[in-house]
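Okay, here's what each chain looks like letter by letter:
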There are 4 protein chains.
Amino acid sequence: VTEERPLREGDEVADEGLGRLLALADGVFAIALTLLVIEIALPEGTSDARLGAALVALGPRYFAYVLSFAVIARFWIAHHRVFRYIRGYDDTLIWLNFLLLMLVAFLPFPTSVLGAHGNTPTGAAFYGAVLVSTSAASGAPLWYAAGRGRLLRPDVDRRLVRQSRISSLASTVYFTVTLPVALLAPYVAMGLWLLWFPMVRVLMTRLTRRG
Amino acid sequence: VTEERPLREGDEVADEGLGRLLALADGVFAIALTLLVIEIALPEGTSDARLGAALVALGPRYFAYVLSFAVIARFWIAHHRVFRYIRGYDDTLIWLNFLLLMLVAFLPFPTSVLGAHGNTPTGAAFYGAVLVSTSAASGAPLWYAAGRGRLLRPDVDRRLVRQSRISSLASTVYFTVTLPVALLAPYVAMGLWLLWFPMVRVLMTRLTRRG
Amino acid sequence: VTEERPLREGDEVADEGLGRLLALADGVFAIALTLLVIEIALPEGTSDARLGAALVALGPRYFAYVLSFAVIARFWIAHHRVFRYIRGYDDTLIWLNFLLLMLVAFLPFPTSVLGAHGNTPTGAAFYGAVLVSTSAASGAPLWYAAGRGRLLRPDVDRRLVRQSRISSLASTVYFTVTLPVALLAPYVAMGLWLLWFPMVRVLMTRLTRRG
Amino acid sequence: VTEERPLREGDEVADEGLGRLLALADGVFAIALTLLVIEIALPEGTSDARLGAALVALGPRYFAYVLSFAVIARFWIAHHRVFRYIRGYDDTLIWLNFLLLMLVAFLPFPTSVLGAHGNTPTGAAFYGAVLVSTSAASGAPLWYAAGRGRLLRPDVDRRLVRQSRISSLASTVYFTVTLPVALLAPYVAMGLWLLWFPMVRVLMTRLTRRG
């Protein structure tokens, strides 16, 4: 698995594949997805009579739940794709992967901020800033593996790699652009974040078509 | 793994099976099951003397815990069965799977509502509405894979597929019927939800017998 | 994998092993282990000056944490061993497995009760009652698989199966005996629960020696 | 897998590898990593106007989050490496592994103490004491497997084993030295804990070079 690059000191040989690294990553993604619901709770002491109104009042929290669930799902899909191009790992790749997981596992907190204060510039910008960081960290493993790390599978289709790199770069730029929008018009920023999902899809299709 | 359908642009080739997709799904199911217990807690400041009474007063929460645990287990069993019929995945299947996981991961919240306000029409109907949605989402991957997605294994027994599709459709209709019941008589609806488990079993047996 | 028994209607053929069943079980065990720590928290508003005293006052909660962690670990070891004797599964085995997982996932709650009210007969007996139930449920899959279910591997050493069955039965009886003790002397019951770990070990060794 | 040592009574034969043991361990590591975020929350009743200040005031909690995330990641990397040298397991190794997991799963609590009271000698020393214990427990499986347990793979490079043992011993000594520092100057201790990461890396490289 390491034909292309001489082993450096301190490296962990990927002699049994990336199995446990991916198992740990899948675990963190799954738990981050599932912990999002913890932020949704009725106010303490909600009476039976006020239940309906209280459930309706949680609207912004449902929105934040759905948005963050889809965001984490999207980053998982990207992680899934990227690690199919990679043939092994070294210390740097492991830590880049942990950096991404640290931001993914952090997302339940900005989600709760967005659910409680999404109408404020501060709340929306805080969420947006975490999106920018997570998006950048999501792209880092492939940039490293395709670049200095030389950890790509020899048989991988270079166009697919290029497509993934452009897509992650474009997402990071896109989220960065939404930051000033969030400060001026929080709800517009939320709309732009939702728009990200179809846009990634269109971008990927275009890139595939052009080869 | 993709003999039956030409690969579309944007598809992820299932060249290494559905392994990570199922690992992520199993993680979300396992965490949703285990998070249910978080809703069970003694009221703050319960004294030693009042402990027995406080444990008994949690009765509705134990019921909600057992019901939701069994519900999630049942959806996991269906997921387990359905994905044994499927030979690969595309973007649509991935997102249908995430839609199901989003509803499964949401269940701890309606469970806590049922545990605290199950005696009210609003509380019971809210829980029932999430059951309807989850049941519909549980059936979606197979409907898609067997239909437009053409993602079934070529060697799969079509009677088993038909049986699973009918079963998921019947469950969704059944839960929809319990919704007005929940609004009129919450406790009757809870009884009907418990009845669902033996009914699915009988239905599956009948369908198998008829072939 | 199903040479010994004709397939019944409604069965799920174990054609791809028990993989996902065990993955789900491992997930629930891992999360139950890790959720135990949530019950350990400083009282709200603990001042810097009172921190030392507050950390010491959590003593009973540390004890409950360690006890429950070891208890869940022990049940996982038993689960691990039992499922190595089993060659497939049917609906009954799946639901017996979920019954065990439901009790394992419930353990964080009695643990918090023990941590907060372990000095009371009610608190200790509640914890003990959950131990009895979990122990009985832990033994059920093997009793079923070795009996009516006829799901044992054909090549399994019957002495090992007998040893596991006796061990799980003995544990259930032992925990049942501790119940009245918990009602009279909670701290003695806690000591007996700790004694369980070396006793299981001695019992297993004796049973192995006798063959 | 057990050529080197006669099987003892009570042993579990590692006939199907360490798969489930590692799956459980990965689950506990992943959940411990993800639960760290639960300690980060806005004070109840934070107004929109005070949101910015409240997010800034959580600074020490972000620091504790990042530190503990990296600490758990580091222990996972060590676990990952160590278990690649091991060919099977017996009861002792299983329980040493659970001891490590018990401390890893405990880390969210000292992390919350550090986040809320990191400026106090007590808070910092409490965190440091858990680091010492976890580090010692992290080294135990390899010391046992390479020593009395005789559970190493026959083909493993003994220099790598020696390197891992020295590294875990050095980490434990290092964290022990930071304990009195934490009591005198909490912030210096935090700096020393951060220094641990590059130091482990340098140590591993040196040891590799010397062979």
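Residues numbered from 1 in each chain as written. Chains lettered and ligands numbered in written order. Predicted model: local features only at pLDDT ≥ 70, side-chain atom pairs only at ≥ 80, totals over all residues. Heavy atoms only, no water.

Would you mind showing me how to read the overall build of chain A here?
When its secondary structure is counted, chain A shows 8 helices and 0 strands. When the helices and strands of chain A are read in sequence order from the N terminus, they spell out α-α-α-α-α-α-α-α. Along the first, second and third principal axes, the C-alpha atoms of chain A reach 70 × 35 × 25 Å. Here chain A, with 211 residues, has 59% of them falling under the buried criterion. For chain A, the share of sequence-separated contacts (at least 6 apart) that also reach a separation of at least 24 residues comes to 76%. Only carbon and sulfur atoms are counted for the fraction: they give 64% of the accessible area of chain A, which is about 8,200 Å². For chain A, the centre of its 20 positive side-chain charges and the centre of its 15 negative side-chain charges are spaced 13 Å apart. (Helix = DSSP H or I, 4+ residues; strand = E, 2+ residues; numbered from the N terminus. Buried < 20%, exposed > 50% of the residue type's maximum accessible area, 1.4 Å probe, protein only. Contact = heavy atoms within 4.5 Å. Areas by Shrake-Rupley, 256 points an atom, 1.4 Å probe, with all protein chains shown as cover. Lys, Arg positive; Asp, Glu negative; His and termini not counted. Charge placed at Lys NZ, Arg CZ, Asp CG, Glu CD.)

Just checking my understanding: could you explain the interface of chain A and chain B for this structure?
By a frequent convention, interface size equals the accessible area lost on bringing the separate parts together. Taken residue by residue, the interface counts 40 residues in chain A and 35 residues in chain B. Of the roughly 3,200 Å² buried where chain A meets chain B, counting both sides, 68% is carbon and sulfur surface. For the chain A face of the interface with chain B, the top three residues by lost area are A:Thr34, A:Trp76 and A:Arg84, together amounting to 19%. Counting every contact that joins chain A to chain B gives 2 salt bridges. One salt bridge in this structure joins B:Arg20 and A:Asp26, with 2.6 Å as the shortest N-O distance. Across the chain A-chain B interface, the total number found is 6 residue pairs in polar contact (both at pLDDT 80 or more). (Buried area = accessible area lost by both parts, 1.4 Å probe. Salt bridge = Lys/Arg side-chain N within 4 Å of Asp/Glu carboxyl O. Polar contact = N/O pair within 3.5 Å; in protein donor to acceptor, adjacent residues only side chain to side chain.)

Can you help me understand a negative patch on the surface in this one?
On the surface, A:Glu44, B:Glu44, C:Glu44 and D:Glu44 cluster together into a patch of negative charge. As for its placement among the helices and strands, C:Glu44 is situated in the loop between α1 (19-35) and α2 (51-57). Relative accessible area serves as the criterion here: at 79%, C:Glu44 is assigned to the exposed category. (Patch = residues over 30% accessible without salt bridge, like charges linked within 9 Å, V, L, I, M, F, W, Y side chains within 5 Å.)

Please clarify how helix α8 (residues 186-210) of chain B should be interpreted in this entry.
Side chains three or four residues apart in an α-helix point the same way, a direct result of the helix having 3.6 residues per turn. The terminal C-alpha atoms of α8(B), which comprises 25 residues, lie 35 Å apart, in line with the 36 Å expected from a rise of 1.5 Å per residue. Of all the bends in α8(B), the largest measures some 30° and sits at B:Phe197, one to four residues before the proline B:Pro198. Residues B:Pro186, B:Ala189, B:Met190, B:Trp193, B:Trp196, B:Phe197, B:Val200, B:Met204, B:Thr205 and B:Leu207 constitute the buried set of α8(B). Where the residues of α8(B) are buried, they touch α3 (59-82), α5 (108-117), α6 (121-146) and α7 (158-184) of chain B together with α4 (91-106) of chain C. (Expected span 1.5 Å × (residues − 1). Bend = angle between axes of the 7 residues up to and from the residue.)

Can you help me understand the interface of chain C and chain B in this one?
Taken together, the contact pairs 35 residues of chain C with 40 residues of chain B. The tally of links from chain C across to chain B stands at 1 salt bridge. Here chain C and chain B share 6 residue pairs in polar contact (both at pLDDT 80 or more) between them. At the level of secondary structure, the elements contributing two or more residues to the side of chain C that touches chain B comprise α1, α4, α5 (108-117) and α6 (121-146) of chain C. No other element matches the 9 residues that α1(C) contributes to the side of chain C that touches chain B. A per-class count over the side of chain C that touches chain B returns 22 nonpolar, 7 polar and 6 charged. (Nonpolar A, V, L, I, M, F, W, Y, C, P; charged D, E, K, R; others polar.)

Explain the packing of α6(B) against α7(B) here, please?
When two helices pack together, their arrangement is given by the angle between the helix axes and the distance between those axes. All names here are of chain B. Relative to each other, α6 and α7 sit at 165°, their axes nearing to 9 Å. Comparing the axis directions of α6 and α7 gives the class roughly antiparallel. In terms of crossing hand, the pair formed by α6 and α7 is left-handed. Partitioned by chemical class, the residues of the contact of α6 with α7 number 16 nonpolar, 8 polar and 1 charged. (Axes fitted to C-alpha atoms, helices over the stretch in contact; angles between N-to-C directions. Parallel < 35°, antiparallel > 145°, perpendicular 65-115°, else oblique. Left-handed = near helix turned anticlockwise from the far one by under 90°.)

Explain the relation of the copies chain C and chain B to me, please; I cannot follow it from the model alone.
Note that the two copies of the chain are related through a rotation about an axis and a translation along the same axis. Of the two same-sequence chains, chain C is brought onto chain B (RMSD 0.0 Å, axial shift 0.0 Å) by a rotation of 90°. What the superposition gives is, in effect, a four-fold axis relating one chain to the other. Looking at chain C, a mere 9% of its interface residues are interface residues in chain B too, so the copies touch through different faces. (Least-squares fit on C-alpha atoms with pLDDT ≥ 70 in both.)

Help me out: how do you make sense of a nonpolar patch on the surface in this one?
Among the surface-exposed residues, A:Ile38, B:Ile38, C:Ile38 and D:Ile38 lie close enough to one another that they form a single nonpolar patch of about 260 Å² accessible area. Position of A:Ile38 among the secondary structure elements: in the loop between α1 (19-35) and α2 (51-57).

Sorry, what's going on with the arrangement of the chains here?
One thing to see here is that chain A and chain C don't touch, and their nearest C-alpha atoms sit 9 Å from each other. Regarding chain B and chain D, the two do not touch, and the least distance separating their C-alpha atoms is 9 Å.

I'm lost on the relation of the copies chain A and chain B in this one. Help?
With an RMSD of 0.0 Å, chain A superimposes on chain B once it is rotated by 90° and translated 0.0 Å along the axis. Little of the interface of chain A is mirrored in chain B, where only 8% of its interface residues are also at the interface.

For this particular structure, what's the right way to read helix α1 (residues 19-35) of chain D?
Under the 1.5 Å per step criterion, the end-to-end length of α1(D) is 24 Å for 17 residues, consistent within 8% with the ideal 24 Å. Most of α1(D) sits out of view: 15 of its 17 residues are buried.

I tried to follow the packing of α1(A) against helix α3 (residues 59-82) of chain A on my own but got confused; where do I start?
Residue and element names in this part refer to chain A. One way to put it is that α1 packs onto α3 with a least axis distance of 10 Å and a crossing angle of 170°. Classified by the angle their axes make, α1 and α3 are roughly antiparallel. Of α3, the residues touching α1 (which contributes Leu22, Ala25, Asp26, Phe29, Ala32 and Leu33) are Phe69, Ile72, Ala73, Phe75, Trp76 and His79. Its residues placed into classes, the contact of α1 with α3 shows 10 nonpolar, 1 polar and 1 charged.

Just checking my understanding: could you explain the pattern of salt bridges for this structure?
Residues and elements named next belong to chain C. Taken as a whole and judged by the stated rule, the model has 10 salt bridges over all chains. Here Arg159 makes a salt bridge to Asp157, at a shortest N to O gap of 3.1 Å. For Arg159, a relative accessible area of 46% puts it in the partly exposed group.

Explain the environment of B:Asp48 to me, please; I cannot follow it from the model alone.
Position of B:Asp48 relative to the elements: it lies in the loop between α1 (19-35) and α2 (51-57). Of the residues examined, B:Asp48 reaches a relative accessible area of 34% and is grouped as partly exposed. B:Asp48 sits 84 residues away from B:Val132 along the chain, and the two C-alpha atoms are 41 Å apart. Every residue in contact with B:Asp48, bar those within four places of it in the chain, is listed here: C:Ala116, C:His117, C:Asn119 and C:Thr120. Reaching out from B:Asp48, the side chain makes a polar contact with the side chain of C:His117 at a distance of 2.7 Å.

Just to check I follow, could you spell out the environment of B:Gly118 for this structure?
Residues and elements named next belong to chain B. Its place among the elements puts Gly118 in the loop between α5 and α6. Gly118 sits in the buried class, given a relative accessible area of 7%. A sequence separation of 91 residues divides Gly118 from Arg209, and the C-alpha atoms of the two residues are 38 Å apart. For Gly118, the residues in contact, after removing those within four places along its chain, are Val113, Ala124, Pro186 and Met190.

What am I meant to see in the environment of B:Pro121 here?
Residue and element names in this part refer to chain B. One can find Pro121 in helix α6. Taking the relative accessible area as the measure of exposure, Pro121 reaches 34% and is therefore partly exposed. Residues in contact with Pro121, not counting those within four places in the same chain, are Ala182, Leu183 and Pro186.

For this particular structure, what's the right way to read the packing of aromatic side chains?
Aromatic ring pairs: the centre-centre distance and the angle between the two ring planes describe each pair. Tallying each qualifying case throughout the model produces 56 aromatic pairs over all chains. What links up through ring pairs into an aromatic cluster is the set A:Phe75, A:Trp76, A:Tyr174, A:Phe175, A:Trp196, A:Phe197, B:Trp95 and B:Phe98. One residue, D:Arg165, lies across the ring of D:Trp143, its end atom 4.0 Å from the ring centre. (Phe/Tyr/Trp six-rings, centres within 6.5 Å; stacked < 30°, edge-to-face > 60°. Lys NZ or Arg CZ within 6 Å of the ring centre and 35° of its normal.)

In short, geometric facts, not functional conclusions.
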